[in-house]
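What follows is each chain in one-letter form.
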Amino acid sequence: MDATSHSFRKMNGLGNDFVVIDRRTDGLALPIDTVRAIADRATGIGCDQLIALDPSSEADVFMRIWNADGGEVAACGNAARCVAAVVATELGRPTVTIETKDQVLGAYAGADGAVTIDMGEPRLRWDEIPLAEEFHDTSGIELQAGPIDAPVMHSPGVVSMGNPHAIFFVEDVDVIKLDLIGSMLERHPLFPERANISIAQVLSPAHLLLRTWERGVGLTRACGTAACASAVAAVRRGLTDRKVTVTLPGGDLAIEWREDDGHVLMTGPYTLDFEGTLPGEVFDTGEAQGV
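Residues numbered from 1 in each chain as written. Predicted model: local features only at pLDDT ≥ 70, side-chain atom pairs only at ≥ 80, totals over all residues. Heavy atoms only, no water.

*Asks:* Would you take a moment to explain the overall build of the protein chain for this structure?
*Replies:* When you go through the protein chain residue by residue, the secondary structure sums to four helices and 19 strands. Against the 2.2 N^0.38 benchmark of 19 Å for 291 residues, the protein chain shows a C-alpha radius of gyration of 19 Å, consistent with a compact globule. The dimensions of the protein chain, computed from C-alpha atoms along their principal axes, are 60 × 40 × 30 Å. Within the protein chain, the proportion of its 291 residues that are buried is 53%. Split by element, the accessible area of the protein chain, about 12,400 Å² in all, is 49% carbon and sulfur. (Helix = DSSP H or I, 4+ residues; strand = E, 2+ residues; numbered from the N terminus. Rg over C-alpha atoms; globule rule 2.2 N^0.38 Å. Buried < 20%, exposed > 50% of the residue type's maximum accessible area, 1.4 Å probe, protein only. Areas by Shrake-Rupley, 256 points an atom, 1.4 Å probe, with all protein chains shown as cover.)

*Asks:* Help me out: how do you make sense of the nonpolar core in this one?
*Replies:* Among soluble globular proteins, nonpolar side chains are generally buried collectively. Core analysis: the largest hydrophobic core is formed by 54 residues, its most contacted members being Ile51, Ile117 and Ile255. Once residues within four sequence positions are removed from consideration, Ile117 is found in contact with Gly77, Ala80, Arg81, Ala84, Leu105, Gly106, Ala107, Val264, Leu265 and Met266. (Core = buried A, V, L, I, M, F, W, Y, C linked by side-chain atoms within 4.5 Å. Contact = heavy atoms within 4.5 Å.)

*Asks:* Quick question: what am I supposed to make of the packing of aromatic side chains here?
*Replies:* Each pair of aromatic rings is reported with the distance of its centres and the angle of its planes. In the structure shown here, the tally under the stated rule is one aromatic pair. Ring plane angle 85° and centroid distance 6.0 Å describe the contact between Phe8 and Phe274, whose orientation is recorded as edge-to-face. Taken together, the positions of Phe8 in strand 1 (residues 6–13) and Phe274 in strand 19 (residues 271–278) put the pair 266 residues apart, joining distant regions of the chain. Over the face of the ring belonging to Trp257 we find Arg242, whose NZ or CZ atom lies 4.6 Å from the ring centre. (Phe/Tyr/Trp six-rings, centres within 6.5 Å; stacked < 30°, edge-to-face > 60°. Lys NZ or Arg CZ within 6 Å of the ring centre and 35° of its normal.)

*Asks:* Even after reading the chapter, I still don't get the pairing of strand 13 (residues 196–204), so can you show me in this structure?
*Replies:* Note on strand geometry: in a regular strand, side chains alternate between the two faces of the sheet. Sheet analysis places strand 12 (residues 164–169) next to strand 13, joined by five bridges and oriented parallel. Opposite Ile167, over in strand 13, you have Ser198 as the bridge partner. For the crossover from strand 12 across helix 3 (residues 178–186) to strand 13, the handedness is right-handed. Relative to strand 14 (residues 207–214), strand 13 runs antiparallel, the two being bridged by seven bridges. By the bridge assignment for strand 14, Ile197 is matched with Trp213. (Pairing = 2+ DSSP bridges. Right-handed = clockwise from strand over helix to strand, strands pointing away.)

Shown next, in the form of C-alpha cells:
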C-alpha cells in the first residue's frame, strides 16, 4: 500500500452496507466529494454509509457517519454493530463503547455473532426530534400522504434515535409505494433536518414488519435506528409489547424499550464482506470540511 492509498473494510448489518475506514492513526481527511465517490455503486466501492473510526477520549472509539449523498449524520444502529464487532476483536473483550456526534453507546459483541447496542433513550419532544412546529403529542402528528379525503397513510409517530424518524402504521406495507412517498416526505417542511420515513405493519404484539426510506440514501434493506424508532412508536400507541422482533427486508432485529431506564436495546448480526485498498486518487477530489 503506498503513502496515499488507504485500507478499508466493507461490512453490512442485514444488508445495510458500509465502507469502514480506520483513520485513528493518520487523521485522513474525507471531503464530501470523496465520500460520494466511495459510496457510488457504479464507479466506487458502493455503500449506504461511509464510516470513519476516529480516536475518542470518552469511549473506545469515535464513529463518524456519512450517508451516500455526503451528508453527515449522528446515528446508525447497523453500523454501530459492525464497529462494535471490529473494536471488540481488537481489544479482546466483548463489551465496548462507541462515541458518536450524539452520545456514547454501549455495546456487547456476543460469541454467537450477534451484537447488542444500547441506543440510549428515544427523544420524543417535538423540539428534540426536531419538528418545525410544536406538537404536544408526538405519538401521532398531523401529516398525511395522498388525497386529503382519502390519504394513503396518515398520523405518523415521530421519534429521534439520534436522527429523526416518522413511522406510519399501515395495514399492508406491500401496497405502499414507499419509493415515491418516502422521497417526498423526507424533505417535508415539517422536518428541518429531513427525516427517515418508515411504514410499519403490526403482525402481533411481539412482531413488526418494517420498510424504510432513509434520508440521503433511499430505500434500504435495513435501518437499525428506524427499527428502534418503530418499536418505540408502536409501544406509545399501545400496538405492541416492549420487546419486539422487527422484520426488515434484510432480516430481523430484536428491539427492547426497557421500562426501568427508558433505554432502547437493539440486537442483530453483522457481516464482514471483504477488505481492500482505496487508491490515492479517490482522496484528491473536493474540498476538505475539517473532518
